[in-house]
Amino acid sequence: EQAEIADMKKQLSKAQGLEKESLQQQLNRLIQRRKQRERTERAQAEKSGRRKAMQKRVEEGAGAFYLSKGDARRLEIAKEYDKLKSQGKNAVQEHVAKRLKKAAQKDHLYVPTTRRGAN
């Protein structure tokens, strides 16, 4: 898949007009698909690691402990922010700003159309 992306980038540099737009969309699709697969693989690995650790605790005599979906999500978010912190100073602020902007856009959809222009 990496070779396919590299090939697509070469084609994109030579293309013009509508063909270039089409190639750019295909390239973005490939990149997004790869990122999604990596995310799911990482999540699967973490989940299996937690299962193995729980199984080991049960074998040692401790009671079974099942992590709730909410707690798993909180752990995932904490890891994401740790990763952002390691990327640089402003990475966390940029990420938070992007999330706030997305939430504001979503909230804006629920405001009645008669009040949207009044602001």
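Please refer to the structure higher up on the page.
All values reported here derive from a predicted model rather than from experimental measurement.

(A) Expanded view of the packing of helix 1 (residues 2-14) against helix 2 (residues 17-60). Relative orientation of the contacting elements helix 1 and helix 2 amounts to 160°, with a least axis distance of 10 Å. When the interaxial angle is binned, helix 1 and helix 2 end up roughly antiparallel. Here the hand of the crossing between helix 1 and helix 2 comes out left-handed. From helix 1, Gln2, Glu4, Ile5, Met8, Lys9, Gln11 and Leu12 reach across to helix 2, where they touch Lys20, Leu23, Gln24, Gln26, Leu27, Leu30, Ile31 and Arg34. Taken together, the residues of the contact of helix 1 with helix 2 break down into seven nonpolar, four polar and four charged.

(B) A look at the nonpolar core. Within the largest apolar cluster, eight residues are counted, these being Ile5, Met8, Leu12, Ala15, Leu23, Leu27, Leu30 and Ile31. At the level of secondary structure, the elements contributing two or more residues to this core comprise helix 1 and helix 2. With four residues, helix 2 is the single largest residue contributor to this core. Among residues more than four places away in sequence, those in contact with Leu30 are Glu1, Glu4, Ile5 and Met8.

(C) Molecular detail of the environment of Tyr66. Locating Tyr66 in the fold gives a position in the loop between helix 2 and helix 3 (69-87). Sequence separation between Tyr66 and Arg50 is 16 residues; the distance between their C-alpha atoms is 9.1 Å.

(D) Molecular detail of the environment of Ile31. Considering the arrangement of structural elements, one finds Ile31 in helix 2. Relative accessible area serves as the criterion here: at 19%, Ile31 is assigned to the buried category. Separated by 38 residues in sequence, Ile31 and Lys69 place their C-alpha atoms 28 Å apart.

(E) Expanded view of the pattern of salt bridges. Inspection of the entire model under this criterion finds four salt bridges. Note that Asp71 and Arg74 form a salt bridge whose closest N and O atoms lie 2.5 Å from each other. Within this pair, Asp71 and its partner Arg74 are both found in helix 3, separated by three residues, close to a single helical turn. Arg74 gets classed as exposed once you look at its relative accessible area, which sits at 55%. Two residues, Arg73 and Glu76, come together in a salt bridge whose shortest N-O distance is 3.0 Å. You can see Arg73 and its partner Glu76 sitting in helix 3, three residues apart, about one turn around the helix. For Arg73, a relative accessible area of 40% translates into the label partly exposed.

Scoring rules and cut-offs
Residues numbered from 1 in each chain as written. Predicted model: local features only at pLDDT ≥ 70, side-chain atom pairs only at ≥ 80, totals over all residues. Heavy atoms only, no water. Axes fitted to C-alpha atoms, helices over the stretch in contact; angles between N-to-C directions. Helix = DSSP H or I, 4+ residues; strand = E, 2+ residues; numbered from the N terminus. Parallel < 35°, antiparallel > 145°, perpendicular 65-115°, else oblique. Left-handed = near helix turned anticlockwise from the far one by under 90°. Contact = heavy atoms within 4.5 Å. Nonpolar A, V, L, I, M, F, W, Y, C, P; charged D, E, K, R; others polar. Core = buried A, V, L, I, M, F, W, Y, C linked by side-chain atoms within 4.5 Å. Buried < 20%, exposed > 50% of the residue type's maximum accessible area, 1.4 Å probe, protein only. Salt bridge = Lys/Arg side-chain N within 4 Å of Asp/Glu carboxyl O.

None of this, on its own, says anything about what the molecule does.
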